[in-house]
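Reading the structure
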Amino acid sequence: MLEASFSFDCRDKFILVVEDEYDIGDIIEHYLKREGMRVIRAMNGKQAIEIHASQPIDLILLDIKLPELNGWEVLSKIRQKAQTPVIMLTALDQDIDKVMALRIGADDFVVKPFNPNEVVARVQAVLRRTQQNTQALNKNIVYKNIEINTDIHSVYVHRDTQKVLLNLTLTEYKILLLMIDHPHKVFTRSELMNHCLPDSDALERTVDSHVSKLRKKLEEQGLQHMLINVRGVGYRLDHPHEK
């Protein structure tokens, strides 16, 4: 049922599994290969970084408790150089772990013990989302005075004869990019969080802070009355009657 919703083929994707427990790594490898994906194994954090630097990797399944370098250190080092999708694996079902993983730049978070089919489904979901984001890079988006250059992840506001670059964080950029495609749709906080920092109910309230900061930056460039709070639901970019 779940796999039928994917519009692309995950076969032949290179998955780096970073797990120092042989049995768990073997199970993950078996289930991923059953879906046609190719698996590369690393037993410690240092080896993971070396493999990632030496060959193209489509997604990383990264355990947190590792020898040499732990998962946090590996994720941080990878994010300094690349945006390869990363799904964290841990036996600690605590919100603070999820907060740390998502803040550093993880794309998803799986708690042990897990169903291997769930891991495969999450890998497929993150790969699909990555492909959709890559396809979105092939176009420029314009709404009112806002222009988004998706090739270089830049947002501009046209003011008279000037084109002003907005200094947005990655989260603010993702929120604006999502909402500008459907400016009158009301997005729930959960929808915005799942798009920007997936799978973290504990972080939904941080959407308010990101939206507030983004709204202020738009207002500073003369774009008033945008990012509207729909009480009890979430946010829409603009009023429905606006053209």
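Look up a bit, the structure's there.
Residues numbered from 1 in each chain as written. Predicted model: local features only at pLDDT ≥ 70, side-chain atom pairs only at ≥ 80, totals over all residues. Heavy atoms only, no water.

1. Some points on the nonpolar core
The biggest cluster of nonpolar side chains holds 28 residues, and the ones touching the most others in it are Ile 146, Ile 148, Val 155, Leu 176, Met 179, Leu 192 and Leu 237. Where this core is concerned, the elements lending two or more residues are strand 6 (140–143), strand 7 (146–149), strand 8 (154–159), helix 6 (170–180), helix 7 (189–196) and helix 8 (206–220). With seven residues, the top contributor of residues to this core is helix 6. With sequence-adjacent residues up to four places away left out, Ile 146 is seen in contact with Ile 141, Val 155, Tyr 156, Leu 176, Ile 180, Leu 218, Leu 223 and Met 226. Of all hydrophobic cores here, the second largest spans 20 residues; its members include Ile 64, Leu 75, Val 86 and Phe 109. (Core = buried A, V, L, I, M, F, W, Y, C linked by side-chain atoms within 4.5 Å. Buried < 20%, exposed > 50% of the residue type's maximum accessible area, 1.4 Å probe, protein only. Helix = DSSP H or I, 4+ residues; strand = E, 2+ residues; numbered from the N terminus. Contact = heavy atoms within 4.5 Å.)

2. Some words on the sheet that holds strand 12 (residues 234–236)
Ordered by their spatial adjacency, three strands build an open sheet running 10-12-11, and the pairing between neighbours is antiparallel. Bordering the open sheet on either side are strand 10 (187–188) and strand 11 (228–230), each of which pairs with just one other strand. Pairing geometry for strand 10 and strand 12, over two bridges, is antiparallel. Residue pairing in the sheet places Phe 187 in a bridge with Tyr 235 of strand 12. (Pairing = 2+ DSSP bridges.)

3. Thoughts on the side chain of Glu 172
Relative to the elements of secondary structure, Glu 172 occurs in helix 6. Assessed through its relative accessible area of 2%, Glu 172 is described here as buried. In this structure the side chain of Glu 172 is engaged in a polar contact, spanning 3.0 Å, whose partner is the backbone nitrogen of Thr 169. Not counting residues up to four positions away in its chain, the partners in contact with Glu 172 are Asn 167, His 210, Lys 213, Leu 214 and Lys 217. (Polar contact = N/O pair within 3.5 Å; in protein donor to acceptor, adjacent residues only side chain to side chain.)

4. A closer look at helix 8
In a regular helix each residue adds 1.5 Å, so 15 residues correspond to 21 Å; helix 8 covers 22 Å between its end C-alpha atoms and thus fits that length. Buried within helix 8 we find Val 207, Val 211, Leu 214 and Leu 218. What you see down the axis of helix 8 is that its buried residues fit within an arc of 65 degrees, all on one side. On its buried side, helix 8 packs onto strand 7, strand 9 (162–166), helix 6, helix 7 and strand 12. One or two residues past the end of helix 8 sits Gly 222, with phi positive at roughly 90 degrees. (Expected span 1.5 Å × (residues − 1). Arc of directions from axis to C-beta.)

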